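As a plain string of letters, each chain reads:
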Amino acid sequence: MRWAALWLLCSLSAGCTGSDAPGGTEARSPAPAEGGSSSTPSKSPATAGEAGEPGSEPVGVHCTGSVLTARESPPNKRFPDRGGHWILEVQVEEWDAADESAAPSTPLRLIVPREVVESLVPRPVEGERYDVVAKLVAGKPDTATADALTRL
Amino acid sequence: MPSQSTRREADTSSPASTTSTTTDERFEQARGNGAAAADLSTSPENGLDGALGMAAGTPAKLHVYVDLEAQEISMWNPREAKKNLERGAVGHTWIALEYPDVSQIPDTVHPKHAGYLRQGGKYADSMGFWPGDEGYSTNPLNSYVSGRVKQPDTSHQGREKASQSYDLTHEEVGKVIDYAESKRGAKYSVYGYNCTSFAKESVEAAGKSAPSMSTLGIAMPNAAYEGIKKQQANGTEGTMVDDLDGLDFDALYEERYGNTAGQNPDADPTTQQREDAGHVKRT
């Protein structure tokens with residue numbers, strides 16, 4: 001394996017354009033965004049969508065409903081703070097939005113950040129009912145990011 | 001080679017053929033006598049399973065699953081490899097043990113695995129090897145970090161782009177479990193010992209022949225995908241391969257890890273959706 005590591009060191013050094021050269025002090029800097037123009041860390045899904053469009057405010061919702069599907073998103077192996085969220089499809093039963101907007105006509109797509117999921121024991125279960133406090137993603141009335149989830 | 005038959009002609013001298021003993025007792029005996037393990041299939045009560053096509057001597061399955069997050073991570077293309085390694089777009093290879101007939105699960109199975117196995121299904125006792133909380137290091141000269149066997153390993157479940165399945169005896173299940181348990185405290189290196197190394201060595205621990213899963217000595221999910229694809233092309237049974245046509249891996253990465261994570265499900269379709277769209281071939 002040592003030869004492979006040395007080969008890789010040479011190869012990656014040759015392809016290296018910045019300060020993250022292997023062999024040196026490894027700066028665990030975020031990978032550039034596509035196009036390579038940004039080094040801004042990715043926001044966690046906990047805040048994704050909250051800023052939304054310029055000038056828009058996230059709309060808070062309180063609802064109950066049953067989980068139709070639950071999908072776990074993998075954590076990133078190099079940046080463990082990225083990913084690891086769950087995505088639920090929730091059939092809304094009761095709906096109360098701060099802007100008094102109506103409930104979505106299709107199942108609510110609920111992004112549950114990892115820290116919210118980790119507070120749930122057990123993990124989200126299809127078919128179970130939950131009480132949800134969330135914020136709608138700007139421009140997407142059928143998508144929300146969960147602030148809190150309570151199994152009913 | 002998957003689906004290797006381990007059935008043998010009846011051996012009346014084997015403890016396994018003693019009809020007065022229970023399956024569990026015979027499993028215990030078999031654990032201490034490798035030759036006897038395969039002979040479990042010769043017991044009268046297993047005859048129906050054999051007649052139904054379920055290899056009675058191989059009541060379990062080992063599945064190897066591969067999910068990809070980049071079109072290519074080839075050490076022959078260092079720039080692309082560097083980009084994907086640095087952003088953590090390496091994909092995942094993991095395994096799962098399954099008893100299609102959960103009544104065949106011996107009581108002697110390892111307690112950390114029994115509950116998962118009894119849940120049933122092709123992802124029943126899923127396990128994968130992951131870096132610890134600090135994430136992996138890309139420094140080839142200092143790549144080892146803390147590692148852990150994740151069980152159940154459901155993070156990439158239902159997103160696999162390739163899989164290969166093997167029929168196992170009880171004894172072979174025990175060997176896979178023993179191997180996995182031995183790696184709970186192992187160190188992780190994205191170059192030296194990673195998820196794909198764990199999966200490949202699990203297959204080998206069962207005494208099976210794993211497909212090629214590495215390039216230039218470095219195991220990677222993309223190489224495992226290519227290895228399974230070659231197995232399928234060679235007519236090996238028990239394989240599943242997604243043709244990857246139409247997949248946008250940058251969009252998939254953004255959906256999983258980016259600023260809009262979770263908001264574009266079409267970018268990260270399920271294996272079932274891909275199969276429904278005609279992108280998956282099984283043997």
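Scroll up a little and you will see the structure.
### Concerning the overall build of chain B
Phase 1: Broken down by element type, chain B carries 10 helices and 10 strands.
Phase 2: By residue count, 53% of the 283 residues in chain B fall in the buried class.

### So, the sheet that holds strand S5 (residues 140–151) of chain A
Within a sheet, neighbouring strands are paired by backbone hydrogen bonds and run either parallel or antiparallel to one another.
All names here are of chain A.
Phase 1: Pairing in this closed barrel of 5 strands is mixed, and the strands run S1-S2-S3-S5-S4 around the ring. Neighbour-to-neighbour, the strand axes of the sheet open up by a mean angle of 50 degrees, direction not taken into account.
Phase 2: Bridge count for strand S2 (residues 86–97) against strand S3 (residues 108–112) is 5 bridges, and the pairing is antiparallel. When the sheet's bridge partners are listed, isoleucine 87 is paired in S3 with isoleucine 111.

### Regarding the sheet that holds strand S5 (residues 162–168) of chain B
Residues and elements named next belong to chain B.
Phase 1: Taken in spatial order, the 8 strands of this open sheet run S6-S4-S3-S2-S1-S5-S9-S10, and their pairing is antiparallel. Lying at the two open borders of the sheet, with one neighbouring strand each, are strand S6 (187–188) and strand S10 (280–282).
Phase 2: Sheet topology note: the S5/strand S9 (residues 239–242) ladder contains 3 bridges and is antiparallel. Pairing of serine 163 across the sheet is with methionine 240, part of S9.
Phase 3: Sheet strands in contact with helix H8 (residues 221–233) are strand S1 (60–67), strand S2 (92–98), S5, S9 and S10, and its direction is about 120 degrees off that of S9.

### Quick look at unusual backbone geometry
Residue and element names in this part refer to chain B.
Phase 1: Of note, the amide linkage connecting glutamine 151 to proline 152 takes the cis form, showing an omega dihedral of 0 degrees.
Phase 2: The backbone of leucine 216 shows a phi angle near 55 degrees, a positive value even though the residue is not glycine.
Phase 3: Looking at where leucine 216 falls in the secondary structure, it is placed in the loop between strand S7 (214–215) and strand S8 (218–219).
Phase 4: Given 15 C-beta atoms within 10 Å, leucine 216 falls into the partly exposed group.
Phase 5: The residue leucine 244 is not glycine, and still its phi comes out positive at about 65 degrees.
Phase 6: Within the secondary structure layout, leucine 244 lies in the loop between S9 and helix H9 (249–257).

### Here's the deal with the packing of helix H6 (residues 170–182) of chain B against helix H7 (residues 195–205) of chain B
In a packed pair of helices, the relevant descriptors are the angle between the two axes and the axis-to-axis distance.
Residues and elements named next belong to chain B.
Phase 1: The interhelical angle for the contact between H6 and H7, taken along N-to-C directions, is 145 degrees, at an axis separation of 8 Å. Like other packed secondary-structure pairs, H6 and H7 cross with a definite hand, here right-handed. Taken together, the residues of H7 that come into contact with H6 (itself represented by Lys175, Val176, Tyr179 and Ala180) are Glu201, Ser202 and Ala205.
Phase 2: Considering only residue class, the contact of H6 with H7 consists of 4 nonpolar, 1 polar and 2 charged.

### Details of the nonpolar core
Phase 1: Of all hydrophobic cores here, the largest spans 58 residues; its most connected members are Leu62 and Leu97 of chain B.
Phase 2: Per-element tally for this core: the top contributor is S1 of chain B, with 5 residues.
Phase 3: With near-sequence residues (within four places) excluded, leucine 97 of chain B lies in contact with Ala60, Leu62, His113, Leu117, Ala124, Asp125, Val173 and Val176 of chain B.
Phase 4: Core analysis: the second largest hydrophobic core is formed by 20 residues, Leu88, Leu108, Val112 and Leu136 of chain A among them.

### Some points on the pairing of S2 of chain A
Phase 1: Strand direction decides the pairing type here: strand S1 (residues 59–72) of chain A and S2 of chain A, joined by 11 bridges, are antiparallel. In the sheet register, glycine 65 of chain A faces S2 of chain A, and the bridge partner there is valine 92 of chain A.

### Some words on the pairing of strand S3 (residues 125–131) of chain B
Residue and element names in this part refer to chain B.
Phase 1: Counting buried residues in S3 gives 7 out of 7 residues, a clear majority hidden from the surface.
Phase 2: Residue alternation in S3 divides its side chains into two sets, Asp125, Met127, Phe129 and Pro131 and Ser126, Gly128 and Trp130, and both sets are buried.
Phase 3: Sheet analysis places S2 next to S3, joined by 3 bridges and oriented antiparallel. When the bridges of S3 are listed, leucine 97 appears paired with aspartate 125.
Phase 4: Sheet analysis places S3 next to strand S4 (residues 145–150), joined by 4 bridges and oriented antiparallel. Counted as the bridge partner of tryptophan 130 is arginine 148 from S4.

### Digging into the environment of aspartate 178 of chain B
Phase 1: On the secondary structure map, aspartate 178 of chain B appears in helix H6.
Phase 2: Aspartate 178 of chain B sits 27 residues away from alanine 205 of chain B along the chain, and the two C-alpha atoms are 8.6 Å apart.

### Quick look at the environment of lysine 281 of chain B
Residues and elements named next belong to chain B.
Phase 1: Structurally, lysine 281 is set in strand S10.
Phase 2: Lysine 281 gets classed as partly exposed once you count the C-beta atoms within 10 Å, which come to 15.
Phase 3: In the structure, lysine 281 is positioned 40 residues away from valine 241 in sequence and 5.4 Å away in space, judged by C-alpha atoms.

Rules behind the numbers
- Residues numbered from 1 in each chain as written.
- Chains lettered and ligands numbered in written order.
- Predicted model: local features only at pLDDT ≥ 70, side-chain atom pairs only at ≥ 80, totals over all residues.
- Helix = DSSP H or I, 4+ residues; strand = E, 2+ residues; numbered from the N terminus.
- Buried ≥ 20, exposed ≤ 12 C-beta atoms within 10 Å, placed from the backbone.
- Pairing = 2+ DSSP bridges.
- Axes fitted to C-alpha atoms, helices over the stretch in contact; angles between N-to-C directions.
- Contact = placed C-beta atoms within 7 Å.
- Left-handed = near helix turned anticlockwise from the far one by under 90°.
- Nonpolar A, V, L, I, M, F, W, Y, C, P; charged D, E, K, R; others polar.
- Core = buried A, V, L, I, M, F, W, Y, C linked by C-beta atoms within 7 Å.

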